[in-house]
Amino acid sequence: MKILVADDSRVMRQIVIRTLRQAGYDDHDIVEAEDGRDALDKVSSESPDLVLSDWNMPNMTGLECLQALRSAGSAVPFGFVTSEGSPEMREKAANAGALFLIAKPFNEDTFKDALDGVIA
Amino acid sequence: MSPYQEEWLFSPDTGERRRRTDAVPATSQLIDEATVRGIADESWFALIGEDEHLVPVPEPLPAEVVSSWVRVSGPWNGTVVLTVGRGTATELTRALLKQHAPEVLEPEDVEDALGELANVVGGNVKGVLPAPSLLGLPQVGEAPRPADPADVVRLEVLWRGQPLAISVQGATRALVH
């Protein structure tokens, strides 16, 4: 399985990847994207099986990336990993087609709760 | 919900209410130091490590500091600012990266790490403040000054014996008509 991790913070991408491994998802290929535009391009070029994306990023937000993907007919499973976990953000994410929203700060249990059933 | 939010939502829209709410409420009416501390504790526990504690002992910051901050725009306007000494900023970056930290950290690694800490704390602070609001991208450098020095909720703690400050500071003067 290939997982695309999109975050404009390189440090946070490393933390997300580390937490994936701590949660037991350690035998998957990881691809990184540095903003929503890069993520959109890499969904085309890398064909990931899952996208884990920050919300607030320069150039293109995670939400804009998800909306662009769905408009283009892509059904790639998509979840947010973001510092904002309010009910309004969760509703916006769900309405745009996201499977889940993991709020920062998170730990491996948060990842397991969100990803069990999504990652085989 | 804070008393201010309850009043804003449920009291009748008289001219009196509107005149009073044109002047944005003080930050301390919307969030208190204990709430900021809870957010900071949770962020450090999850991101830095389970054995990492923020000790509520205020000590002066060193002369050479660096700050990171995020802006919140909405019914409350202002910034959430994290300020530490330069050495502490480097140590925080190593703690975040853990075994992936390079031997020599680049300045952009430290800016990235410090900005992300402000983003996580600020995003959670935003969740406590009146909605709807927008969170800006993290910035790093010399912190913006509060519009009113009294309109600040400030948490001062020690991390690994070094001082660290988190300020939730309003930009009320810009909004008062």
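Here is what the cut-offs are and how they apply
Residues numbered from 1 in each chain as written. Chains lettered and ligands numbered in written order. Predicted model: local features only at pLDDT ≥ 70, side-chain atom pairs only at ≥ 80, totals over all residues. Heavy atoms only, no water. Helix = DSSP H or I, 4+ residues; strand = E, 2+ residues; numbered from the N terminus. Core = buried A, V, L, I, M, F, W, Y, C linked by side-chain atoms within 4.5 Å. Buried < 20%, exposed > 50% of the residue type's maximum accessible area, 1.4 Å probe, protein only. Axes fitted to C-alpha atoms, helices over the stretch in contact; angles between N-to-C directions. Parallel < 35°, antiparallel > 145°, perpendicular 65-115°, else oblique. Left-handed = near helix turned anticlockwise from the far one by under 90°. Contact = heavy atoms within 4.5 Å. Buried area = accessible area lost by both parts, 1.4 Å probe. Salt bridge = Lys/Arg side-chain N within 4 Å of Asp/Glu carboxyl O. Polar contact = N/O pair within 3.5 Å; in protein donor to acceptor, adjacent residues only side chain to side chain.

**Student:** Help me understand the environment of Val104 of chain B, please; the structure alone is not making it clear to me.
**Tutor:** Relative to the helices and strands, Val104 of chain B is located in the loop between helix 5 (86–97) and helix 6 (107–128). Between the C-alpha atoms of Val104 of chain B and Gly122 of chain B, which are 18 residues apart in sequence, the distance is 28 Å.

**Student:** It is not clear to me how the nonpolar core should be interpreted in this structure. Could you clarify?
**Tutor:** Ranked by size, the top nonpolar core spans 58 residues in total, and within it Leu52, Phe111 and Leu115 of chain A together with Trp44, Leu164 and Ile166 of chain B carry the most contacts. Ranked by residues supplied to this core, first place goes to helix 6 of chain B with 7 residues. Listed in part, the 23 residues of the second largest apolar core include Leu66, Val76, Met89 and Leu101 of chain A.

**Student:** Sorry if this is basic, but what is going on with unusual backbone geometry here?
**Tutor:** Negative phi is the rule for most residues except glycine; trans is the rule for most peptide bonds. Here the amide bond leading from Lys104 of chain A into Pro105 of chain A is cis, since omega sits at 0°, within 30 degrees of zero. For Pro105 of chain A, the position within the fold is in the loop between strand 5 (100–103) and helix 5 (108–115). The residue after Ala131 of chain B, namely Pro132 of chain B, is reached through a cis peptide bond having omega -5°. Mapping Pro132 of chain B onto the fold places it in the loop between helix 6 and strand 4 (134–135). One non-glycine residue, Asn59 of chain A, lies in the positive phi region at around 70°. Mapped onto the secondary structure, Asn59 of chain A falls in the loop between strand 3 (50–53) and helix 3 (62–71).

**Student:** Quick question: what am I supposed to make of the packing of helix 2 (residues 36–46) of chain A against helix 3 of chain A here?
**Tutor:** Packed helices, taken two at a time, are described by their axes: the angle between them and the distance between them. Residues and elements named next belong to chain A. Closest axis-to-axis distance for the helix 2/helix 3 pair is 8 Å, and the angle between their directions is 30°. Of the possible angle classes, the one that applies to helix 2 and helix 3 is roughly parallel. As helix 2 packs across helix 3, the resulting crossing turns out to be right-handed. Note on element contacts: helix 3 touches helix 2 through Cys65, Ala68 and Leu69, opposite Gly36, Ala39, Leu40 and Val43.

**Student:** Sorry, what's going on with the interface of chain A and chain B here?
**Tutor:** Frequently, the measure chosen for interface size is the accessible area that the parts lose on association. Every contact between the two is made by 18 residues of chain A and, on the other side, 21 residues of chain B. Summed over both sides, the interface of chain A with chain B buries roughly 1,800 Å², with 54% coming from carbon and sulfur. Of all residues in chain A, Val11, Arg18 and Pro105 of chain A bury the most surface against chain B, accounting for 32% of the area lost on that side. At the boundary of chain A with chain B, the tally comes to 3 salt bridges. Its salt-bridge partner being Lys104 of chain A, residue Glu116 of chain B comes within 2.9 Å of it at the nearest N-O pair. On inspection of chain A and its partner chain B, the count reaches 10 residue pairs in polar contact (both at pLDDT 80 or more). Sorting elements by how many residues they give to the side of chain A that touches chain B places helix 1 (residues 10–22) of chain A first, with 6 residues.

**Student:** Explain the pattern of salt bridges here, please?
**Tutor:** Opposite charge on two side chains makes pairing possible when the charged atoms of those side chains draw close. For the coordinates displayed, the defined rule picks out 13 salt bridges over all chains. Taking the shortest distance from any N to any O, the salt bridge between Asp38 of chain A and Lys42 of chain A comes out at 3.2 Å. Placement of both Asp38 of chain A and Lys42 of chain A in helix 2 is noted, with a separation of 4 residues, approximately one turn of the helix. We classify Asp38 of chain A as buried; its relative accessible area is 18%. In this structure, Arg154 of chain B engages Glu156 of chain B in a salt bridge whose closest nitrogen and oxygen atoms are separated by 2.8 Å. For Arg154 of chain B, a relative accessible area of 37% puts it in the partly exposed group.

In short, shape yes, function no, at least from these values alone.
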